[in-house]
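The lines below spell out each chain.
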Amino acid sequence: MKTIIEPFRIKSVEPIYFTTKEERKVILEKACYNPFRIHAKDVLIDLLTDSGTSAMSSSQWAGIMQGDESYAGSSSFFKFEDSVRSITGLSYIIPTHQGRAAEKIIFTILGGRGKCFISNTLFDTTRANIEFSGAEGIDLICEEGKHPTIPAPFKGNIDVVALRKKIIEKGAVNIPMIIITITNNSGGGQPVSMQNIKEVRKVCSEFRIPLFIDACRFAENAYFIKQREDGYADKSVKEIANELFSYADGATMSAKKDAFANIGGFLAMNDLDLAIRCRNLLIITEGFTTYGGLAGRDLEAIAIGLQEVLDEHYLEYRIRSIEYLTNKLIASGVPVMQPAGGHAVYIDAKQFLPHLPVEQYPGQSLVCALYEEGGIRSVEIGSLMFGKYDDSGNLIPAKMELVRLAIPRRVYTQSHIDYVAEVIIEVFQKRNELKGLNITEEAPMLRHFSAKLTPTTSAN
Ligand SMILES: *Cc1c(COP(=O)(O)O)cnc(C)c1O
């Protein structure tokens, strides 16, 4: 088989900035060992997130010039609505400025004390919006999804047996919706199978609970289904996406992921009463129903991006690039989540740094080391992001200590990725020298964005 090449050529380039290791040491200290606090111009390869960092296509940029900025009834909105509907088949499409804005609206309406939302894994903003409403969020990932380094085809699946049990325990009336995140971002970008979605649909119908899809990476998930699930090899990704959404009552999406847009999102559903309530809240918090916090040009970019992402040459290249980096790391013994996910490579920091206890945030220590060594910015998905405290102030750690290297869409070439692998392997070779970190300052919610940390004084 020949090399799978980038299915685009480059029309416009953006410089990246080099720093020395000595400079990066100072930058890291000034940023209190939290790369969210580092200026982007001090980062060489930015793998902090794949969110809003995509390179837009020439057609998207052309669409931007055609943006209709009318306050009400903008033609860009109708293009956006058609594009979303052609994929999801959902009736009411509500634009929002990001995924979390859609979450804020839906959970404000359906959440509140005593309510409970069950998911394969809730993404951090989703969980935060649920908890902020006073409700509870419960993750019921399947057994395979709990073991980062053991490969399985659909590690994003929800545990359907546990789901049924939990619904009976909590009472169906207290569960306003079940949420399936595709692909499962916080669980390693692992896909959910069509079979699993169908089974969840059955449970939802039985208990009369709506099923919503957190659709940020629906195209990557659909491509995995095509590759890995029986009966889908000859279907187009678009047909697979259509089928997948046909089981849902609604969806939230951040257009900053699979829609190749730099901003945007939507909320979509089939229930008219619910849509009316959401729109009323949208008008207070986001904007009128035909723009929802976005410029007309953003709606154009999203409408076009949603169709472009269905291109299977693109998806082949996309999924292959993640697999390429994952396999390079495996070959050098670096403990990574297997198999490769859809949008990112996940290093298992617990295995990478077994000498650091979870209270010293091994994931964050690795994140800092990758920056210092090679100017690479990544993000901890572990106890800094998800840890809580018990009543006596002891850390309740996250289930896993991961470091995510998210790959922006259509941005970096193979040589960038080769460089990233070299840096990680170099850090792996001197992993015993890495120190842990203590938190010195933190916010009550989503603390990883702003927390300040300091290295522990000894290696342990
Ligand atoms: C990014 C993301 C969100 C939130 O979207 P924003 O546009 O960042 O607000 C929600 N769910 C998942 C799975 C995501 O990846």
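Residues numbered from 1 in each chain as written. Predicted model: local features only at pLDDT ≥ 70, side-chain atom pairs only at ≥ 80, totals over all residues. Heavy atoms only, no water.

Caption draft 1: Structural view of the site of the ligand. Near the ligand you find 15 residues, and of these Arg-100, Asp-214, Arg-217, Ser-254 and Lys-257 are the closest. Arg-100 is positioned with one of its side-chain polar atoms (N or O) 2.7 Å from an oxygen atom of the ligand. Note that a nitrogen atom of the ligand is positioned 2.7 Å from one of the side-chain N or O atoms of Asp-214. For the ligand, whose free accessible area comes to 380 Å², the fraction covered by protein is 97%. For the shell around the ligand, the secondary-structure elements that each account for two or more residues are α4 (99–110) and α5 (124–132). Among the elements that make up the shell around the ligand, the one with the highest residue count is α4 (three residues). A per-class count over the shell around the ligand returns two nonpolar, seven polar and six charged. (Near = heavy atom within 4 Å. Polar contact = N/O pair within 3.5 Å; in protein donor to acceptor, adjacent residues only side chain to side chain. Areas by Shrake-Rupley, 256 points an atom, 1.4 Å probe, with all protein chains shown as cover. Helix = DSSP H or I, 4+ residues; strand = E, 2+ residues; numbered from the N terminus. Nonpolar A, V, L, I, M, F, W, Y, C, P; charged D, E, K, R; others polar.)

Caption draft 2: Local environment of the domain arrangement of the protein. You can read the domains of the protein as domain 1 (21–50 + 311–455) and domain 2 (58–308). For domain 1 versus domain 2, the separation of C-alpha centres amounts to 26 Å. Contacts between domain 1 and domain 2 engage 32 residues on the former and 36 residues on the latter. For the pair domain 1 and domain 2, the two sides together bury roughly 2900 Å², of which 58% comes from carbon and sulfur. Connecting domain 1 to domain 2 are seven salt bridges. Along the contact surface separating domain 1 from domain 2 lie 20 residue pairs in polar contact (both at pLDDT 80 or more). (Domains from an automatic or database assignment. Contact = heavy atoms within 4.5 Å. Buried area = accessible area lost by both parts, 1.4 Å probe. Salt bridge = Lys/Arg side-chain N within 4 Å of Asp/Glu carboxyl O.)

Caption draft 3: Representation of the packing of helix α3 (residues 75–88) against helix α11 (residues 296–308) in the model. In contact at an axis separation of 8 Å, α3 and α11 are set at 25° when each is read in the N-to-C sense. On the basis of the axis angle, α3 is roughly parallel to α11. Crossing of α3 over α11 shows left-handed handedness. Taking contact as the criterion, the partners of Ser-76, Phe-77, Lys-79, Phe-80, Ser-83, Val-84, Ser-86 and Ile-87 in α3 are, on α11, Gly-296, Leu-299, Glu-300, Ile-302, Ala-303, Leu-306 and Gln-307. In the contact of α3 with α11, the residues fall into eight nonpolar, five polar and two charged. (Axes fitted to C-alpha atoms, helices over the stretch in contact; angles between N-to-C directions. Parallel < 35°, antiparallel > 145°, perpendicular 65-115°, else oblique. Left-handed = near helix turned anticlockwise from the far one by under 90°.)

Caption draft 4: Spatial organisation of the pattern of salt bridges. Tallying each qualifying case throughout the model produces 27 salt bridges. When salt bridges that share partners are traced, they join Asp-50, Arg-217, Glu-220, Asp-258, Arg-318 and Arg-409 into one network.

Caption draft 5: Unusual backbone geometry, seen in detail. Residue Gln-338 is joined to Pro-339 through a cis peptide bond whose omega torsion reads -5°. Topologically, Pro-339 is positioned in the loop between α12 (312–331) and β9 (344–348). The backbone of Tyr-361 sits at a positive phi, close to 50°, despite the residue not being glycine. Relative to the helices and strands, Tyr-361 is located in the loop between α13 (349–352) and α14 (362–374).

Caption draft 6: Spatial organisation of the sheet that holds strand β8 (residues 265–269). Across the sheet, seven strands lie side by side as β2-β8-β7-β6-β5-β3-β4; this open sheet has mixed pairing. Where the open sheet ends on each side, the last strands, each with one partner, are β2 (92–96) and β4 (136–139). Within this sheet the neighbouring strands show an average axis-to-axis angle of 20°, counted without direction. In the sheet, strand β3 (residues 116–119) pairs with β4 via four bridges, with the strands oriented parallel. Each bridged residue has a counterpart across the sheet, and for Cys-116 the counterpart in β4 is Glu-136. Helix-sheet contacts for α3 involve β2 and β8, and the interaxial angle to β2 is about 120°. Of the strands in this sheet, β3, β4, β5 (178–181) and β6 (211–214) touch α5, which is tilted by about 145° from β4. (Pairing = 2+ DSSP bridges.)

Caption draft 7: View of the environment of Pro-408. Looking at the element boundaries, Pro-408 is found in the loop between β14 (402–406) and α16 (414–429). Separated by 204 residues in the primary sequence, Pro-408 and Cys-204 place their C-alpha atoms 34 Å from one another. Once residues lying within four places of it in the same chain are set aside, the contact partners of Pro-408 are Asp-46, Leu-47, Thr-49, Asp-50, Thr-53 and Arg-318.

Caption draft 8: Structural detail: the pairing of β14. Burial within β14 is extensive, with five of its five residues counted as buried. Along β14, one buried face is formed by Leu-402, Arg-404 and Ala-406 and the opposite face, lined by Val-403 and Leu-405, is buried too. (Buried < 20%, exposed > 50% of the residue type's maximum accessible area, 1.4 Å probe, protein only.)

Caption draft 9: How the structure looks around the state of the cysteines. Counted by the stated rule, this structure contains zero disulfides. We note that Cys-216 lacks a disulfide partner, and the nearest cysteine sulfur, in Cys-278, lies 17 Å from it. Owing to a relative accessible area of 10%, Cys-216 belongs among the buried residues under this scheme. Overall, the relative accessible area of 0% leaves Cys-278 in the buried class. (Disulfide = S-S within 2.5 Å.)

Caption draft 10: Up close: the nonpolar core. Judged by nonpolar contacts, the single largest core of 61 residues is most densely connected at Ile-118, Leu-163, Ile-178, Val-200, Phe-218 and Leu-306. Leave out the neighbours within four places in its chain, and Ile-118 touches Ile-138, Leu-140, Ile-158, Leu-163, Lys-166, Ile-167, Ile-175, Met-177, Ile-178 and Ile-179. In terms of nonpolar packing, the next biggest core, distinct from the first, is built from 34 residues, Ile-322, Leu-329, Tyr-412 and Val-423 among them. (Core = buried A, V, L, I, M, F, W, Y, C linked by side-chain atoms within 4.5 Å.)

Caption draft 11: Region of the structure containing the sheet that holds β9. In spatial order, the strands read β9-β14-β11; together these three strands make up an open sheet with antiparallel pairing. Unpaired on one side and paired on the other, β9 and β11 (379–381) mark the two borders of the sheet. Taken pair by pair, the neighbouring strands of this sheet meet at an average axis angle of 35°, ignoring direction. With five bridges connecting them, β9 and β14 associate as antiparallel partners. Looking at β14, one finds that Ala-344 is bridged to Ala-406. Sheet contacts for α14: β9, β11 and β14; angle to β14, the most-contacted strand, approximately 40°.

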